[in-house]
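Listed here are the chains, written in short residue letters.
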Amino acid sequence: MNKYAVYHQPESRFAYAADPHTLVITLRMAASDKPERVEILYNNKYDFTHERFSVPMRAAACDGVFSYYRVRIALSDVRFAYVFKITEKGKTYYYSEEGLTSAYDFDLAYYTFFQFPFINAVDVMPVLSWAENATFYQIFVDRFARGDFAKDEGYINTPWGSAIDRHSFCGGDLDGITQKLGYLRDLGINALYLTPVFLSSSNHKYNIKDYLHVDPQFGDADSLKRLLAAAHARGMKVVIDCVFNHCDAAHELFADVCKRGRDSQYYDRFLIDGDAPDVSKGNYACFASCKYMPKWNTSNAAVRRYLTDVALEYVRMGFDGLRLDVADEISHEMWRQLRRECKAENPDTLIIGEIWHDNEHWLRGEQFDGVMNYKLQKILADGFGKSIAGAKEVAARMNKLLVANTEQANAMALNFLDNHDTPRFLRLAGGNKDKLLAALVATVVFPGMPCMFYGTELPLDGDGDPDCRKPFDWTKVGQDKEYWQNIKTILGLKKRAALSGGNAQIEARGNILTITRRVGGECITAYFCLGRKSQKLAVDGQMLFSRNCDKDTIFGNGVLVVKNNNSIPGGKRV
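Thresholds applied
- Residues numbered from 1 in each chain as written.
- Predicted model: local features only at pLDDT ≥ 70, side-chain atom pairs only at ≥ 80, totals over all residues.
- Heavy atoms only, no water.
- 1 Å grid on protein atoms, 1.4 Å probe; cavity = no way out; pocket = protein on both sides within 12 Å on 5 of 7 lines; lining within 4 Å.
- Points joined across faces, edges and corners; volume = space filled by probe spheres on them.
- Helix = DSSP H or I, 4+ residues; strand = E, 2+ residues; numbered from the N terminus.
- Nonpolar A, V, L, I, M, F, W, Y, C, P; charged D, E, K, R; others polar.
- Buried < 20%, exposed > 50% of the residue type's maximum accessible area, 1.4 Å probe, protein only.
- Contact = heavy atoms within 4.5 Å.
- Polar contact = N/O pair within 3.5 Å; in protein donor to acceptor, adjacent residues only side chain to side chain.
- Phe/Tyr/Trp six-rings, centres within 6.5 Å; stacked < 30°, edge-to-face > 60°.
- Patch = residues over 30% accessible without salt bridge, like charges linked within 9 Å, V, L, I, M, F, W, Y side chains within 5 Å.
- Areas by Shrake-Rupley, 256 points an atom, 1.4 Å probe, with all protein chains shown as cover.
- Salt bridge = Lys/Arg side-chain N within 4 Å of Asp/Glu carboxyl O.
- Disulfide = S-S within 2.5 Å.
- Pairing = 2+ DSSP bridges.
- Lys, Arg positive; Asp, Glu negative; His and termini not counted.
- Charge placed at Lys NZ, Arg CZ, Asp CG, Glu CD.
- Axes fitted to C-alpha atoms, helices over the stretch in contact; angles between N-to-C directions.
- Parallel < 35°, antiparallel > 145°, perpendicular 65-115°, else oblique.
- Left-handed = near helix turned anticlockwise from the far one by under 90°.

### Considerations on empty space enclosed by the protein
A full pass over the atoms with the stated rule returns six cavities of 30 Å³ or more. Looking at the lining of the largest cavity, the elements that each hand over two or more residues are strand E6 (66-74), helix H9 (391-403) and helix H10 (407-411). Residues that form the lining of the largest cavity fall into these classes: six nonpolar, five polar and three charged. Lining the second largest cavity are Asn359, Leu363, Gly370, Val371, Asn373, Lys375, Leu401, Asn405, Ala409, Asn410 and Ala413. For the lining of the second largest cavity, the secondary structure elements donating two or more residues are strand E18 (370-371) and H10. Looking at the lining of the second largest cavity residue by residue, the class counts come to five nonpolar, five polar and one charged.

Written as structure tokens, this is what we have:
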């Protein structure tokens, strides 16, 4: 046994409360080790020395380097003490705070057992009930639809459908979205993610001048009220993009600092090198290298108060969630304060952070509910789009992603193929719609909330910014009826009980990747053929969706989704 690979950490992603009476416990071991049995010995911490219960742990995931053994334990007494017992090649080992040992003194266990001292309900991270069934659609507001044709259109410099550049204004607005809600609901969408809508000089609105004034290019306060009311009337949620890392250089507070320098009462609210900011030199912290976007100093209590008040106002306006831009550059204390106060205002507010890299330290229940799932997006781009990762590698990377966070955080991750900051997935897939459809299925069957970028249903093609932000071509809606129906069927899968909760079992057999989800009595397995080579399958159950499948064969870039599958996960080679 590789003793250096054995690892566990209490009160972490390896030991957390799923609810006030249930713990999820994980033990890591080397993937090369094949123990006959892994079990957890437990009791309440006061009785552990003289009496223990034993529960076997199952191999829940493998990332190619490590295997992860997991168990869920329902408790009546939540004062939990435990050690692990591992049997391999006829030998018995124990794993406790002392590490891996061949014997264990249970009489003195109170010195060395692992413990989860008490499950306090307030510390348990809940999964929002509406998030479990959410199917998102991201809208870049200037490019989706125009509804107000009476507004001042002097700012529009690019006719709808023409070639765009970074400075194009096409005329999309809030009324346009409101008028298309029926279309979106029919498509299977029940949640919207909007890029910023507040006063800004750009088409993207990520350089905000006034956080509470709707940009007149998009409408006004009444336009926003109409959109929120109409969406809610259709049972749809709306999440707004919040830009709290930086503002526009024309923001009144930064403008005051530019004018008064150190004499400004707002000087410490920014990060300035010198007596006063010089916009031409950019002697202050900003977003990326954009001098027109000065960075807020979120170590400053007054800044945290100001931005939290903005977030609270968004919640009071009726937004159901907040997507936090450049979230990893903002102080953790800012996010803790924002979460406490926004959840106090409305406990059902969804808080999603834009984090491209490892994110566990934001997802412990006191900051975000979930993150933009860039890790999954990269896996799907490599395995499904560009076909540079095979089924075995994709399965390993997906399993590593799943064990990186709690099941609650996984359930509230935003799973997407592309967005306003990335090339369109169709471009990554070389224009292959079958690859796109298979990858879209993966965003739905993988734990989390699927999010489709506007225009994917046409489909829109495009490279990175600004090409990925082309105007929606309404003349192409439903032209490819087969593709259109496939999109609707795939999004409709999210309504299945097995895909609204629970963990996933992910495996690879040959060039077939399988993702299996189980909740209650329902089991759903998705089979993906990654690569050109076809493979035989023997599966049982009700077919929910298929593409490039014929009887018992799944062809290259094909996908098959089956309910109540009784075959071996990954399919049976024949």
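### Points about the environment of Arg185
In this structure, Arg185 sits in helix H3 (residues 181-187). Look at Arg185 and you get partly exposed, because its relative accessible area is 33%. Measuring from C-alpha to C-alpha, the distance between Arg185 and Arg234 comes to 7.7 Å, with 49 residues separating the pair along the chain. Each residue touching Arg185, except ones within four places of it in the same chain, is listed here: Asn190, Arg234, Gly235 and Met236. A polar contact is formed between the side chain of Arg185 and the backbone oxygen of Ile189, at a distance of 3.4 Å.

### Thoughts on the packing of aromatic side chains
According to the stated counting rule, one finds 37 aromatic pairs in the structure shown. Look at Tyr211 and Tyr306: their rings are 6.1 Å apart centre to centre, the planes differ by 80°, and that puts the pair in the edge-to-face class. Taken together, the residues span a long stretch of sequence, with Tyr211 in strand E14 (residues 208-214) and Tyr306 in helix H6 (residues 301-317) at a distance of 95 residues. Ring plane angle 80° and centroid distance 4.7 Å describe the contact between Phe453 and Tyr454, whose orientation is recorded as edge-to-face. Tyr454 shares its class with Phe453; the two are buried.

### Description of a nonpolar patch on the surface
A surface patch of nonpolar side chains, about 370 Å² in accessible area, is lined by Leu108, Tyr110 and Tyr111. Of note, Tyr110 is situated in the loop between strand E9 (99-101) and strand E10 (114-116). Accessibility expressed as a relative area gives 48% for Tyr110, which makes it partly exposed.

### Topic: helix H8 (residues 374-385)
Taking burial as the measure, the 12 residues of H8 include 10 buried ones, the bulk of the element. Taken from the residues just after H8, Ser387 is the one with a positive phi, measuring 55°.

### A short note on the state of the cysteines
If you walk through the whole model with that rule in mind, you get zero disulfides. There is no disulfide at Cys170, and the cysteine sulfur nearest it, in Cys468, is 13 Å away.

### Brief notes about the sheet that holds strand E16 (residues 321-324)
Reading across from one edge, E18-E17-E16-E15-E12-E11-E20-E19 is the order of the eight strands in this open sheet, with parallel pairing throughout. Whereas interior strands pair on both sides, the edge strands pair on one side only; in this sheet they are E18 and strand E19 (414-416).

### Some words on the pairing of strand E21 (residues 504-509)
For E21 and strand E22 (residues 512-519), the ladder comprises six bridges, and the chain directions are antiparallel. In the strand pairing of E22, Ala504 is matched with Arg517. Adjacent in sequence and paired antiparallel, E21 and E22 are bridged by two residues, among which Gly510 carries a positive phi angle near 65°.

### Notes on a negative patch on the surface
Negative charge collects at one region of the surface, where Glu97, Glu98, Asp105 and Asp107 lie side by side. Its place among the elements puts Asp107 in the loop between E9 and E10. Overall, the relative accessible area of 58% leaves Asp107 in the exposed class.

### So, the packing of H6 against helix H7 (residues 332-345)
Where H6 contacts H7, the two axes come as close as 9 Å, and the packing angle between them is 30°. Looking at the two axes, H6 sits roughly parallel to H7. The two elements H6 and H7 cross, and the hand of that crossing is right-handed. Across the interface between the two elements, Arg304, Arg305, Leu307, Thr308, Ala311, Leu312, Val315 and Arg316 of H6 pack against Glu333, Met334, Gln337, Leu338, Glu341, Cys342 and Glu345 of H7. The residue inventory of the contact of H6 with H7, partitioned by class, reads seven nonpolar, two polar and six charged.

### So, the sheet that holds E6
Taken in spatial order, the four strands line up as E1-E2-E6-E5 in an open sheet, and their pairing is antiparallel. Single-partner strands in this sheet number two, and they are strand E1 (15-19) and strand E5 (58-62). Looking at each pair of strands side by side, their axes are set apart by 35° on average, direction ignored. Examined bridge by bridge, E1 and strand E2 (residues 22-30) share four bridges and lie antiparallel to one another. Considered in E2, the bridge of Ala15 is made with Ile25. Against the sheet, H9 engages E5 and E6, with an angle of about 115° to E5.

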